[in-house]
Amino acid sequence: MLKILALLFFLSLYSLLAKEQKLSKVSLQLHWKYQFEFAGFIAAKEKGFYKDVGLDVELKEYDFGQNIIKDVSSGKVNYGIYNSNILVEYIKDEPLKLISSYFKRSALVLITKPEIKYPKDLLNKKIMAAGIEDFDLNFNYLFSLEKLQIKDLNFVPHTFDVQDFADNKVDAMTAFISDQPFKLDKLNVKYNIIDPSNFGVFNLQLELFTSNNEAQNNTARTEAFRNASLKGWEYALNNPAEIIEIILEKYNTQNLTKDFLENEALHTDRLILPKMYQIGSIDKMFLFRQIDILYNQSKFTFEKKEELIDNFIFYTQKELEDKRVDLNYTLLKKSIPFLIIILLIIFYRQWLLNKYNKNLKIEVEEKTEEYKKKNEELLISNQNFSDLLDTAIEAIAIFDEKNNLVKLNNSGEIMFNYYFKENLDVKKVYDFIPKSSIAQIKEKLKCDIIEPFEIDLLRSDKSVFPALISGKIIKKENRFFNIITVVDLTQIKLRDEFIQQQAKLAQMGELLSMIAHQWRQPLTAISAASESLKLKALLNDLNNETVQIAADDIYKYVNHLSCTINDFKNFYKTNKSIETTTLNDLVKKSLNIIEDSIYFHNIQIIKNLDSTSEIKTYINEVTQVILSLLQNAEDAHLDKEIKNAYIKIKTYENDTSLYLEIIDNAGGIDAGIIDKIFEPYFSTKLEKNGTGLGLYFAKRIIDNNCDGLLTVQNFNNESIFRITFYK
């Protein structure tokens, strides 16, 4: 009995060893060190997916200076991971085949200093890159959009150490968005990202490829490797925590931390977009676009590009057979017109034989053709509408009469970070809106046409972003649908900061006028004092007391002029720190600048300053708002030539809030425009070159920067601008 058991044991052991010996050894050359960027291949190896298809795979880390493309084409390694260079070298006759394409967005970005926002800002700046050729491949098209040439930039060799950027040794560096921004965040380093994807530019980054020799002589093995890798990626993206632990235990050659890998896993998922694209799928139209970006569009004809791309992609035997079937189907479609001509000839002969039924048959044929055409037009119209939604740059969402989401186009899925599958993820319109904005949108949704307006919206991760939305209700098949278009204003808001500075400079002319009024009285007094001294000297009536009094008066007026200069200088200081003050002090500081101008125009100032509590705010910014409101009130009086004109300034408070009101009796604001005066570029002073930015930025400063609220209302013949600060 023991002999039998021993025999069975050795047979089983031999069977296992024989199975191990049957595994085909292959190698995969990575284009960097082990990390989550290669999680799919690590998962396929560690979970046995490669072994299940008869492969013993060696994952090889990248060595600096290594030529991955040459290693693959020469057979030194069986498979490789690389970027758009494989397409460039293939077009140069390098024998390569593209097996899978994983990243659907550009992973390589430019990390720059915060003040560098656009490619043109990099002129005369120091850029750390792996090489000019690699930089040109990934960013040339982006710079060409602004008519810049790569040769005009200043490059230094890449050390692949973010500390050089943190130490200000360089102004910008190329980086993978999936990992290096995380390192900078850990160092508390401020930076900006110039992402080619935001400019509609995408490059190949995580591409699995092999040599022609491997693809042709080992087609089944290449297919098995592709399918096992796909299975590995599906597992890694669904089980990131498990794969991270495996990397930390077996593949952590860079001493990476768990939180680093978790961050990289999140960004890798966003680059692969598994809910939008099949993992590893190859988009031919994207390859067409790549060739157009890399080369002059006129260099290759459409047929040549189609041939290049078709020969570049790896196909299994079954896929090649399916392509042949498609080719036969295409030939059949092309022969249809000739068949139609033959049929028309037959019908024509039949018509001659049946001339007595001529009119009836003609009518039937005409009606049939008419209905067919209308049906085709309807189908084309529906298809065009669907294509329009999915190709629009703006997000477009369609809601039914119950406010259920019916359709969200591709731009919308990316903007809101929602990805939907059929019959899943039913969303309401209010899932995209913060609670604070729901009341506002409810009223808008009742209108047949929603005029464009700004509102904060929610992404799937509950982050808030500013947007401009508009909409229209349509009726289809006896049902009502609301079509909403959304434009992300994040980048526009950044530009608003620049425009805000311009608006402040636009006030310079008005403030110079105020300086003239402030200085007129003291200058006149100084002149009078000096003339008095001259006269007394001529009359020999000059004594020490007279000189001392005149000198004191002149010193007092000069000191007043100096204080005026300081007030204006402080107004233009860029001070972004929060300071403690009171509403009364803010009013007094503002009146120091504009009070003389108001009195000069015979406008009475009535002050009821009853607020004493302190607030913490941006003093210069709030002063700018108060000045803008006072200037508008003064202009309103002058434009309308109001008699007994006055401007009231009130401060008061209650248990929860502090209030500052600026009131004028210039007849109020037209009811037709009062809801629009805080909109950008809306101005009632076009004939005076009004920019329409003063009240817009005033509201932005109070509402957004100072955590307050700026409102306006009419009461009798008065306009009341109220600034509310919360305790």
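## Quick notes on the overall build of the protein
Moving on, step 1. Counting its secondary structure elements, the protein contains 24 helices and 22 strands.
Moving on, step 2. Within the span of the protein, comprising 727 residues, buried residues form 42% of the whole.
Moving on, step 3. Residue pairs in contact within the protein that sit at least 24 positions apart in sequence constitute 71% of those at least 6 positions apart.
Moving on, step 4. A total of about 41500 Å² of accessible surface is found on the protein, and carbon and sulfur atoms cover 54% of it.

## A look at the sheet that holds strand β7 (residues 154–157)
Moving on, step 1. Across the sheet, five strands lie side by side as β7-β6-β8-β5-β9; this open sheet has mixed pairing. Each edge of the open sheet is held by one strand with a lone partner, namely β7 and β9 (192–194). Going from strand to strand, the sheet's axes swing by 35° on average, the running direction of each strand aside.
Moving on, step 2. Of the pairings in the sheet, the one linking strand β6 (residues 126–129) to strand β8 (residues 172–176) comprises two bridges and is parallel in character. Note that in β8 the partner of Ile127 across the bridge is Ala172.
Moving on, step 3. Each of β5 (108–112), β6, β7, β8 and β9 touches helix α6 (residues 132–144); the most contacted strand, β5, lies at about 85° to it.

## Side note on the side chain of Ser100
Moving on, step 1. By secondary structure assignment, the location of Ser100 is in strand β4 (residues 96–101).
Moving on, step 2. Accessibility expressed as a relative area gives 4% for Ser100, which makes it buried.
Moving on, step 3. Excluding its chain neighbours within four sequence positions, the residues that come into contact with Ser100 are Leu206, Glu207, Leu208, Arg226, Gly280 and Ile282.

## Description of the environment of Ile647
Moving on, step 1. Its place among the elements puts Ile647 in strand β19 (residues 646–653).
Moving on, step 2. Given a relative accessible area of 0%, Ile647 falls into the buried group.
Moving on, step 3. Considering only alpha carbons, one finds Ile647 and Glu634, 13 residues apart in sequence, at a separation of 8.0 Å.

## Considering unusual backbone geometry
Moving on, step 1. The phi angle at Asp93 is positive, at roughly 80°, despite the residue not being glycine.
Moving on, step 2. For Asp93, the location among the structural elements is in the loop between α5 (85–91) and β4.
Moving on, step 3. The backbone of Asn644 shows a phi angle near 55°, a positive value even though the residue is not glycine.
Moving on, step 4. Here Asn644 is to be found in the loop between α23 (619–640) and β19.

## Regarding the sheet that holds strand β20 (residues 657–664)
Moving on, step 1. One open sheet holds the five strands; their spatial order is β17-β19-β20-β22-β21, and the pairing between them is mixed. A strand with exactly one partner marks an edge of an open sheet, and here the two such strands are β17 (604–609) and β21 (708–715). For this sheet, the mean angle separating the axes of adjacent strands, direction not counted, is 15°.
Moving on, step 2. Where helix α24 (residues 694–705) meets the sheet, it contacts β21 and β22 (718–726), and its direction lies at approximately 130° from that of β21.

## Focus on the confidence of the model for the protein
Moving on, step 1. Of the residues in the protein, 80% reach a pLDDT of 70 or more, and the chain-wide mean stands at 82.
Moving on, step 2. In the predicted structure, residues 13–19 sits below a pLDDT of 50 and forms zero contacts with residues beyond four places in sequence or in another chain.
Moving on, step 3. Here residues 686–690 scores under 50 on pLDDT; set against residues more than four positions off or in separate chains, the count is three contacts.

## Observations concerning the packing of aromatic side chains
Moving on, step 1. Within the structure shown, the criterion is met by 21 aromatic pairs.
Moving on, step 2. Relative to Trp233, the ring of Phe41 has its centre 5.9 Å away and its plane inclined at 80°; by these criteria the two rings are edge-to-face. With Phe41 in helix α2 (residues 39–46) and Trp233 in helix α10 (residues 219–238), this pair connects stretches of sequence that are 192 residues apart. The same class applies to Phe41 and to Trp233, which are both buried.
Moving on, step 3. For the ring pair Phe135 and Phe143, a centre distance of 5.7 Å and an interplane angle of 55° mean the geometry is tilted.
Moving on, step 4. Here Phe135 falls in the buried class, since its relative accessible area comes to 1%.

## Points about the pattern of salt bridges
Moving on, step 1. Summed over the entire model, instances satisfying the criterion amount to 21 salt bridges.
Moving on, step 2. Among the salt bridges present, the one from Glu94 reaches Lys70, with a minimum N-O distance of 3.3 Å. Of the two residues, Glu94 sits in the loop between α5 and β4 while Lys70 sits in helix α4 (residues 68–73), which places them 24 residues apart along the sequence.
Moving on, step 3. Classification of Glu94 as buried rests on a relative accessible area of 12%.
Moving on, step 4. Arg226 is the partner of Glu319 in a salt bridge, and the nearest nitrogen-oxygen pair spans 3.4 Å. Of this pair, Glu319 sits in helix α15 (residues 317–353) while Arg226 sits in helix α10, placing them 93 residues apart in sequence.
Moving on, step 5. Taken together, the shared-partner salt bridges connect Lys650, Glu661 and Arg722 into one network.

Conventions adopted
Residues numbered from 1 in each chain as written. Predicted model: local features only at pLDDT ≥ 70, side-chain atom pairs only at ≥ 80, totals over all residues. Heavy atoms only, no water. Helix = DSSP H or I, 4+ residues; strand = E, 2+ residues; numbered from the N terminus. Buried < 20%, exposed > 50% of the residue type's maximum accessible area, 1.4 Å probe, protein only. Contact = heavy atoms within 4.5 Å. Areas by Shrake-Rupley, 256 points an atom, 1.4 Å probe, with all protein chains shown as cover. Pairing = 2+ DSSP bridges. Axes fitted to C-alpha atoms, helices over the stretch in contact; angles between N-to-C directions. pLDDT = per-residue confidence, 0-100. Phe/Tyr/Trp six-rings, centres within 6.5 Å; stacked < 30°, edge-to-face > 60°. Salt bridge = Lys/Arg side-chain N within 4 Å of Asp/Glu carboxyl O.

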